[in-house]
Amino acid sequence: QSGMRTLAEYQISSKTGFVLEQPCCQLPPAWQAYDRLASAIVPILSQPDTDKASADLHLAVADLVVPSDHALMDMATAWSLETRCRLHLCLTCITASYLWHRGESRAPNRLPAQLARPLLRVAESLGLKPTVGHATLALANCALPDSAWSGRPEHLRLLCQPGPSSAFRAFVLVTCAFELDFARATPLLLRGAEARRPDEAADLLDRLADCLAGLTARFDDFGRLLDPDEFYRDVRPYLSGHEGLVFEGCSCEATPLRLSGGSAAQSTILQSIDALLGIRHESAFLAEMVDYMHPAHRQLLKDLAAETRLPQLVAASAPESRLRAAHGRAVAALADFRKRHIGLVSRYIVAPASRVRTEFASLAERGTGGQPLIQFLKEVRDEGALPPPLSDPGVDGSGDGVCMLK
């Protein structure tokens, strides 16, 4: 299919953006053991006796019944998207708790069939990875009161979390708030890619810059609701990836899977703006994180990159034109957002790493997705700080209007 599709075809809600508008809150009766265990993570792992907590969690997992092939097929083919996202959310929260509750050095490298078989099957049916990530931890994990977004993260209801810390609520809900704030800009992506007139493109870019300024202000909620040391010690470890996890009882059991952890780079927001503006990054990590998005959101990025003509319009406009000014504003707003994100990483990861003792030494200087933190974020920020194009469309010489930044 050529051209941009509809919001619905990209699995985007006009009210909630990339977030599921009506997330599933309970699995079908035969599967509710996963609901119950996901809800029990906090009380189990909050016990003061850590050995007993670990034993109780392992026992609870062992008591789960491995779903039959027929049940797995029915789930994958008959359930709604929302219900399958709920199962993926429950299973990845349970799995993260199972893997990481005793620290990095004592983490198992095998996932029992009670978790492995349904997790791998539901992930395959959704086109997602079988690991905790933004696609369900943020996008399928927040219920809006009366389906109305008040702008206050604390008014959202968290459905599930890995690990016992109450700090998870603030972290996930503020993350979800960014996505909900961006909902009003999602139509701009489609219209921007299809814009063919300079005045129309300028108007859309001005509105996109305003939205980015609002997103940048949203960072204040992290400081208001989430303590840096609690995040670093109690939340971040449960978002870790795995270098080689064996999925017992699955066809891939002989081949351990390398999985990245949860990462802000798995959000479609910034990568969609980059695609619209014709900004292409050299980062292999960013390209890898696209594979952790919902397939419909991956398709959006692909279509935006193929269809946008904004770089050509800007390149063809006069230096003092309104379009050049709007483009510069949008690029500056994007750079401001990324600069603020670097500050957040410094406050919530780099600074606590020097003072907070954890059982996850490998995360001191690297992201949960495995990337070197500050260096990576600065490179992405600098690649996105484009000057206005000065000559022909196709700044990199390829003729497709995409700026290739080294």
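What counts and what doesn't
- Residues numbered from 1 in each chain as written.
- Predicted model: local features only at pLDDT ≥ 70, side-chain atom pairs only at ≥ 80, totals over all residues.
- Heavy atoms only, no water.
- UniProt positions renumbered as here; feature names shortened; annotations may be inferred.
- Salt bridge = Lys/Arg side-chain N within 4 Å of Asp/Glu carboxyl O.
- Helix = DSSP H or I, 4+ residues; strand = E, 2+ residues; numbered from the N terminus.
- Buried < 20%, exposed > 50% of the residue type's maximum accessible area, 1.4 Å probe, protein only.
- Disulfide = S-S within 2.5 Å.
- Phe/Tyr/Trp six-rings, centres within 6.5 Å; stacked < 30°, edge-to-face > 60°.
- Lys NZ or Arg CZ within 6 Å of the ring centre and 35° of its normal.
- 1 Å grid on protein atoms, 1.4 Å probe; cavity = no way out; pocket = protein on both sides within 12 Å on 5 of 7 lines; lining within 4 Å.
- Points joined across faces, edges and corners; volume = space filled by probe spheres on them.
- Nonpolar A, V, L, I, M, F, W, Y, C, P; charged D, E, K, R; others polar.

Per an unreviewed UniProt entry, the protein carries the name Indoleamine 2,3-dioxygenase and comes from Macrostomum lignano. Per UniProt, the comment on the protein under Sequence similarities (unreviewed entry) is "Belongs to the indoleamine 2,3-dioxygenase family."

Caption draft 1: Summary view of the pattern of salt bridges. Following the criterion strictly, the structure yields 25 salt bridges and no others. We note a salt bridge from Asp-206 to Arg-329, for which the minimum N-O separation is 3.3 Å. Taken together, the positions of Asp-206 in helix α9 (residues 198-218) and Arg-329 in helix α16 (residues 322-353) put the pair 123 residues apart, joining distant regions of the chain. For Asp-274, the salt bridge goes to Arg-338, with nearest N and O atoms at 2.7 Å. Here the residue Asp-274 occupies a position in helix α12 (residues 268-277), and Arg-338 occupies one in helix α16, the gap between them amounting to 64 residues. Assessed through its relative accessible area of 8%, Arg-338 is described here as buried. Overlapping salt bridges, with partners in common, bring together Arg-152, Glu-154, Asp-181, Arg-218, Asp-221 and Arg-224 in one network.

Caption draft 2: Broad picture of the state of the cysteines. Evaluated as defined, the whole model comprises zero disulfides. For the unlinked cysteine Cys-160, the closest cysteine sulfur is that of Cys-93, found at 3.6 Å.

Caption draft 3: Representation of the packing of aromatic side chains in the model. The tally for this structure, following the rule as stated, stands at 11 aromatic pairs. A centroid spacing of 4.9 Å and a plane angle of 45 degrees characterise the contact between Phe-219 and Phe-337, whose relative ring orientation is tilted. Taken together, the residues Phe-219 in the loop between α9 and α10 (220-225) and Phe-337 in helix α16 connect sequence positions 118 residues apart. For Phe-219, a relative accessible area of 5% corresponds to the buried category. Here the aromatic cluster, defined as three or more aromatic residues joined through ring pairs, consists of Phe-171, Phe-178, Phe-219, Phe-222, Phe-231, Phe-337 and Tyr-348. Of note, Lys-129 hangs over the ring of Tyr-292, and the distance from its end group to the ring centre comes to 5.7 Å.

Caption draft 4: Structural view of the layout of surface pockets. Of the voids in this model, the largest pocket is the one considered here, and its volume is about 510 Å³. Examining the composition of the lining of the largest pocket, we find that three residues originate from one element, helix α2 (residues 50-62), more than from any other. Split by residue class, the lining of the largest pocket holds seven nonpolar, seven polar and seven charged. Considered as a void within the structure, the second largest pocket measures approximately 370 Å³ in volume.

Caption draft 5: How the structure looks around empty space enclosed by the protein. Applying the stated criterion across every chain yields a total of four cavities of 30 Å³ or more. Roughly 100 Å³ of internal volume is contained in the second largest cavity. Lining the second largest cavity are 13 residues, with Thr-95, Leu-99, Thr-131, Val-132 and Ser-240 sitting closest to its centre. Every element with two or more residues in the lining of the second largest cavity is listed here: α4 (81-100) and β4 (242-247). Classifying every residue of the lining of the second largest cavity gives seven nonpolar, six polar and no charged.

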